[in-house]
Amino acid sequence: QVQLVESGGGLVQAGGSLRLSCAASGRTFSTAAMGWFRQAPGKEREFVAAISRNGYSTYYADSVKGRFTISRVNAENTVYLQMNSLKSEDTAVYYCAGDPSYLIDSRPERWDYWGKGTLVTVSS
């Protein structure tokens, strides 16, 4: 019923920028919090950023705070992740996620909807 499709991943040099997009289907988009998670090879999936249903509140992992910005355009059913000052440590598969619950949770298992991911590779 709900489909999330990420795009915008690719190869970028350290210090560069990249913007990820997530297109969501269904009228439920505007009622759901949205987030980004990432998973590097051999590591657990980790929280990156989240945004509330109306876009008024945002949350970031300490590792990306000040460098990444999450935003959403509900009229277009899209959520974005602007990534600046990229580091090699940011290399991972990035996943878009949705959560219809009231509270935003950094634990992946608390999110209901997931995209298939897009690979971001940051070269040194």
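Above this text you will find the structure in question.
Quick notes on the rules
- Residues numbered from 1 in each chain as written.
- Predicted model: local features only at pLDDT ≥ 70, side-chain atom pairs only at ≥ 80, totals over all residues.
- Heavy atoms only, no water.
- Phe/Tyr/Trp six-rings, centres within 6.5 Å; stacked < 30°, edge-to-face > 60°.
- Helix = DSSP H or I, 4+ residues; strand = E, 2+ residues; numbered from the N terminus.
- Lys NZ or Arg CZ within 6 Å of the ring centre and 35° of its normal.
- Core = buried A, V, L, I, M, F, W, Y, C linked by side-chain atoms within 4.5 Å.
- Buried < 20%, exposed > 50% of the residue type's maximum accessible area, 1.4 Å probe, protein only.
- Contact = heavy atoms within 4.5 Å.
- Salt bridge = Lys/Arg side-chain N within 4 Å of Asp/Glu carboxyl O.

## Examining the packing of aromatic side chains
(1) Moving on: By the definition in use, this model includes four aromatic pairs.
(2) Moving on: Both rings, one in F37 and one in W111, keep their centres 5.5 Å apart while their planes meet at 75°; by these two values the pair is edge-to-face. Here F37, found in strand β4 (residues 33-39), pairs with W111, found in the loop between β9 (92-99) and β10 (113-114); they are 74 residues apart in sequence, far enough to count as distant.
(3) Moving on: Members of the aromatic cluster, joined through ring pairs, are F37, F47, Y95, W111 and W114.
(4) Moving on: Directly above the aromatic system of Y95 lies the positively charged group of R45, at a separation of 3.8 Å from the ring centroid.
(5) Moving on: Geometry around W114 places R45 over its ring, the cationic atom sitting 4.8 Å from the centre.

## Some points on the nonpolar core
(1) Moving on: Formed by 32 residues in total, the largest nonpolar core has its most connected members in W36, L81, M83 and Y94.
(2) Moving on: Elements with a minimum of two residues in this core: β3 (18-24), β4, β5 (46-51), β7 (68-73), β8 (78-83), β9 and β11 (118-123).
(3) Moving on: The greatest single-element share of this core, amounting to five residues, is contributed by β5.
(4) Moving on: Setting aside chain neighbours within four positions, we find Y94 in contact with E6, L20, W36, F37, R38, V48, F68, L81, M83, G117, T118 and V120.

## A word on the pattern of salt bridges
(1) Moving on: Taken as a whole and assessed by the stated rule, the structure comprises five salt bridges.
(2) Moving on: Across the salt bridge formed by E46 and R38, the nearest N and O atoms sit 2.7 Å from each other.
(3) Moving on: Between D105 and R107 there is a salt bridge; the shortest N-O distance is 2.6 Å.
(4) Moving on: Connected via shared salt-bridge partners are R38, E46, R67 and D90.

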